[in-house]
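Secondary and tertiary structure notes
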Amino acid sequence: MNTSEDAMNADTVQSYAYLWTDDERQLQWVIWNSAAGAEVFDRETNCPLPIDGEEVRRAVLSRMRAAGVPESDEYPGRPCG
């Protein structure tokens, strides 16, 4: 990967910083280890949060884990109805 792609990915990852730095809504997002793989789950909307690009998704999940964001294998949302 070239440096302009690296910089673009770093900027993209940083655009998700609210997921691991927003103390006011800290428990809104969790890491859900679903059958499809680890994803960011938004408890407010009761849906996974789409993150474009596998490399960006892995970097976001890594930063969330380092910040201590809760992680579960169980469905973290409320029942769908």
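Residues numbered from 1 in each chain as written. Predicted model: local features only at pLDDT ≥ 70, side-chain atom pairs only at ≥ 80, totals over all residues. Heavy atoms only, no water.

What follows is about the pattern of salt bridges. A pair can form between side chains of opposite charge whenever their charged atoms are brought close. One pass over the structure, following the stated rule, counts three salt bridges. Between Arg 57 and Glu 54 there is a salt bridge, with its nearest N and O atoms 2.6 Å apart. Taken together, the residues span about one helical turn, with Arg 57 and Glu 54 both in helix H3 (residues 54–66) at a distance of three residues. Among the ionic pairs, Arg 58 bridges to Glu 54, the shortest N-O distance being 3.7 Å. With Arg 58 and Glu 54 both in helix H3 and four residues apart, the pair spans about one turn of that helix. (Salt bridge = Lys/Arg side-chain N within 4 Å of Asp/Glu carboxyl O. Helix = DSSP H or I, 4+ residues; strand = E, 2+ residues; numbered from the N terminus.)

This paragraph deals with the environment of Val 40. Checked against the element boundaries, Val 40 lands in strand E2 (residues 37–42). By relative accessible area, Val 40 is classed as buried at 2%. In this structure, the C-alpha to C-alpha distance between Val 40 and Val 30, residues ten residues apart in sequence, is 5.9 Å. Apart from residues no more than four positions distant in its own chain, Val 40 is found in contact with Leu 19, Trp 29, Val 30, Pro 48, Leu 49, Ile 51, Val 60, Leu 61 and Met 64. (Buried < 20%, exposed > 50% of the residue type's maximum accessible area, 1.4 Å probe, protein only. Contact = heavy atoms within 4.5 Å.)

A few words now on the sheet that holds E2. Strand order across the open sheet formed by four strands is E3-E2-E1-E4, with mixed pairing between neighbours. The open sheet has two edge strands with one neighbour each: strand E3 (47–48) and strand E4 (71–72). Packed onto the sheet, H3 meets strand E1 (29–34), E2 and E4 and runs at close to 70° relative to E2. (Pairing = 2+ DSSP bridges. Axes fitted to C-alpha atoms, helices over the stretch in contact; angles between N-to-C directions.)

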